[in-house]
Amino acid sequence: MNHEFPATRSRIYLPSGHYGTVKYVGPVDGTTGLWLGIEWDDSNRGKHDGIKDGKRYFDCRIPNSGSFIRPSSSICYGYSFLQALKNKYVEVVHGTASREKIVLGSSNGAIEVEAVDLDKIRGKFANLERLREVSLDGEMVSTGNNPGEILSTCPNIRGLDLSATLLSEWDAVAMITAELHQLERLALNRNRLTPPPSHLPASAWLRLSELQLNGTSTSWEEFTCIAILMPQLRIAELGYNGLNFLSRAKISTTLARIEILNFDSNKLEDWQHISEALKPCTSLQRLVLSSNGIERIPPRESCPSPLHGLTVLSLSSNKLHNSRDIDQLYEWCPNLETLSLAKNPLTEANDTSRSARQQVIAKIPSLRVLDATVISAKERSDSELFYLSFVAKTVPGRDEDKMKGHPQWKMLCMKHGRPAESAAGRDGRLSRYLIEVKVHHCSEPPGGHFTPEMEGGLITPASLRVLSTMKLGLFRLRLMKTLGVGNNPRNRDNTYVWLRMGDDTLALLQNDDQELGWWGIENDSQIVVYIAQQTES
């Protein structure tokens with residue numbers, strides 16, 4: 001459906017794959033004819049902020065994302081909801097051997113999967129009344145339909161994906177969802193919606209429990225305004241929105257019911273500010289803050305903590321670099337069970353004298369899973385013993401002195417005994433598990449035996465101190481850091497590890513879930529490592 005003169009705020013799509021919002025329709029000084037002033041979703045396509053030769057024609061929400069284009073028949077202004085629905089599920093036939101690519105709605109366009117023979121599926125859903133899950137991702141929906149038409153056509157939809165459409169206003173979204181009385185999940189990723197007006201009907205989202213707004217440039221304030229109209233909302237995603245600030249939200253029963261919030265890949269930096277902004281979310285259990293800019297976790301001052309109920313937290317790919325942050329994190333989140341910290345300076349440092357993972361485990365007693373790896377009872381015990389020994393050796397003075405920098409000191413001493421007592425009373429348990437292995441980095445794949453001829457081709461060996469209860473997968477990562485390869489997943493898949501046996505045969509170690517001790521790795525064991533294809537981390 002194309003219009004010669006679109007209204008401002010209309011959304012457009014070009015055959016080149018670009019989405020934009022019409023911000024101006026009219027003449028431009030020094031030219032003839034009509035122009036469309038467009039704010040592009042991809043700012044790289046823009047040329048200015050709506051100013052031409054010193055005159056402002058329109059404003060851009062994203063800097064330098066604007067430009068002028070001529071009206072054209074190639075511009076798509078979208079279709080009604082039901083037309084798009086029929087285009088995908090009824091009328092479009094691609095052939096039985098067709099292979100179509102589908103973009104996962106919550107991935108910000110980063111993940112594509114290939115589906116085969118979707119026409120067979122479409123045939124089953126030709127009766128639109130049967131539809132429960134509907135994806136119109138990229139199907140150019142721009143408007144609703146006449147009252148009652150959607151309700152009579154597809155009344156049983158529970159999950160609806162309207163990502164990357166041409167919807168421009170919340171009013172248009174409400175026109176669609178108000179007739180879907182069973183709707184529970186709604187994805188609006190990669191759209192550009194104007195701030196919600198105050199007159200939206202509350203009946204449009206009565207049963208909605210999950211809302212995705214990834215890549216929409218929606219602010220926290222705009223989200224809270226719309227969330228108030230969603231009394232059953234439990235899950236909300238606001239990733240890739242360029243958020244650097246969360247305005248203080250009013251206390252509301254809706255925010256108090258939210259259990260999961262996802263702020264992946266934004267620009268949030270201030271932990272204290274984030275925590276205070278989320279204070280109304282008293283039921284919050286899972287919080288995703290990966291790929292932001294958080295540098296430190298400050299001491300907690302308020303009591304109780306706004307995040308005291310949090311059990312799952314992702315802080316991967318931030319800028320945390322001080323181990324003290326982990327102690328303070330536990331003060332903020334005393335019930336934390338699952339934590340992601342990968343790709344922070346704190347966990348990426350190539351420090352062979354102590355393990356960051358062991359310290360995190362020891363500092364957070366409630367933790368059960370760290371960086372997607374379950375913490376076994378043995379690993380916890382050994383990590384805590386290792387940590388006690390580390391504190392005893394590096395912090396002189398009385399217990400009070402140790403407690404200043406290591407709040408878990410007394411609790412761990414009560415659990416395991418003081419390090420000296422532990423070594424005497426537990427038959428040297430810590431020293432028994434802490435082993436030193438010699439690592440040979442091989443430049444070529446080794447043969448089946450460790451031979452004198454082969455040894456001449458090995459790179460100078462290095463020593464590594466680890467716990468015998470460490471799992472092979474973590475040991476493999478440790479080897480990669482020691483060898484300066486980083487933790488690129490491709491490197492991990494191409495990193496092969498052998499154990500030199502007593503008869504000089506080499507045993508390939510493959511099960512990453514087994515502990516080193518299970519493989520027979522002990523003090524003075526020799527490990528051979530070969531990295532098939534090194535890639536940059």
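Just so we're clear, the structure is a prediction, and the values are computed from it rather than from any experiment. (Residues numbered from 1 in each chain as written. Predicted model: local features only at pLDDT ≥ 70, side-chain atom pairs only at ≥ 80, totals over all residues. Heavy atoms only, no water.)

Asker: Can you help me understand the nonpolar core in this one?
Answerer: Within soluble globular proteins, side chains that are nonpolar generally end up buried alongside one another. Residues Phe81, Trp205, Phe223, Phe263, Trp271 and Leu278 are the most contacted members of the largest nonpolar core, which totals 77 residues. Among the secondary structure elements, those contributing two or more residues to this core are α1 (81-91), α4 (170-177), α5 (220-227), α7 (271-277), α8 (324-332) and α10 (356-363). Apart from residues lying up to four places away in sequence, Leu278 is in contact with Trp220, Leu246, Leu261, Phe263, Leu284, Leu287 and Leu307. (Core = buried A, V, L, I, M, F, W, Y, C linked by side-chain atoms within 4.5 Å. Buried < 20%, exposed > 50% of the residue type's maximum accessible area, 1.4 Å probe, protein only. Helix = DSSP H or I, 4+ residues; strand = E, 2+ residues; numbered from the N terminus. Contact = heavy atoms within 4.5 Å.)

Asker: Even after reading the chapter, I still don't get the sheet that holds strand β2 (residues 19-26), so can you show me in this structure?
Answerer: Working definition: the strands of a sheet are paired by backbone hydrogen bonds and lie parallel or antiparallel to each other. Taken together, the four strands give an open sheet; going across it, the order is β1-β2-β3-β6, and neighbouring strands pair in antiparallel fashion. Pairing within the sheet leaves two strands with one partner each, and these edge strands are β1 (11-13) and β6 (66-69). Taken pair by pair, the neighbouring strands of this sheet meet at an average axis angle of 40°, ignoring direction. In the sheet, β2 pairs with strand β3 (residues 35-40) via six bridges, with the strands oriented antiparallel. Residue pairing in the sheet places Gly26 in a bridge with Trp35 of β3. (Pairing = 2+ DSSP bridges. Axes fitted to C-alpha atoms, helices over the stretch in contact; angles between N-to-C directions.)

Asker: Just to check I follow, could you spell out the environment of Ser323 for this structure?
Answerer: With respect to the helices, strands and loops of the structure, Ser323 is situated in the loop between β18 (312-314) and α8. Sequence separation between Ser323 and Val360 is 37 residues, and the spatial gap between their C-alpha atoms is 8.1 Å. Setting aside chain neighbours within four positions, we find Ser323 in contact with Leu346, Gln359 and Lys363.

Asker: So what exactly am I meant to see when it comes to the side chain of Thr165 here?
Answerer: Relative to the elements of secondary structure, Thr165 occurs in the loop between β12 (159-161) and α4. For Thr165, the side chain forms a polar contact with the side chain of Asn191, separated by 2.7 Å. Every residue in contact with Thr165, bar those within four places of it in the chain, is listed here: Arg11, Tyr19, Leu136, Val141 and Asn191. (Polar contact = N/O pair within 3.5 Å; in protein donor to acceptor, adjacent residues only side chain to side chain.)

Asker: Teacher, can you tell me more about the confidence of the model for the protein here?
Answerer: Fine structural detail should not be taken from predicted coordinates in areas where pLDDT scores are low. For the protein, the mean per-residue pLDDT works out to 84, and 84% of the residues sit at or above 70. Across residues 350-354 the pLDDT falls below 50, and counting only partners more than four positions away or on other chains, this stretch makes twelve contacts in the model. Across residues 421-428, confidence stays below pLDDT 50; counting only partners more than four residues off in sequence or on other chains, it has eleven contacts. (pLDDT = per-residue confidence, 0-100.)

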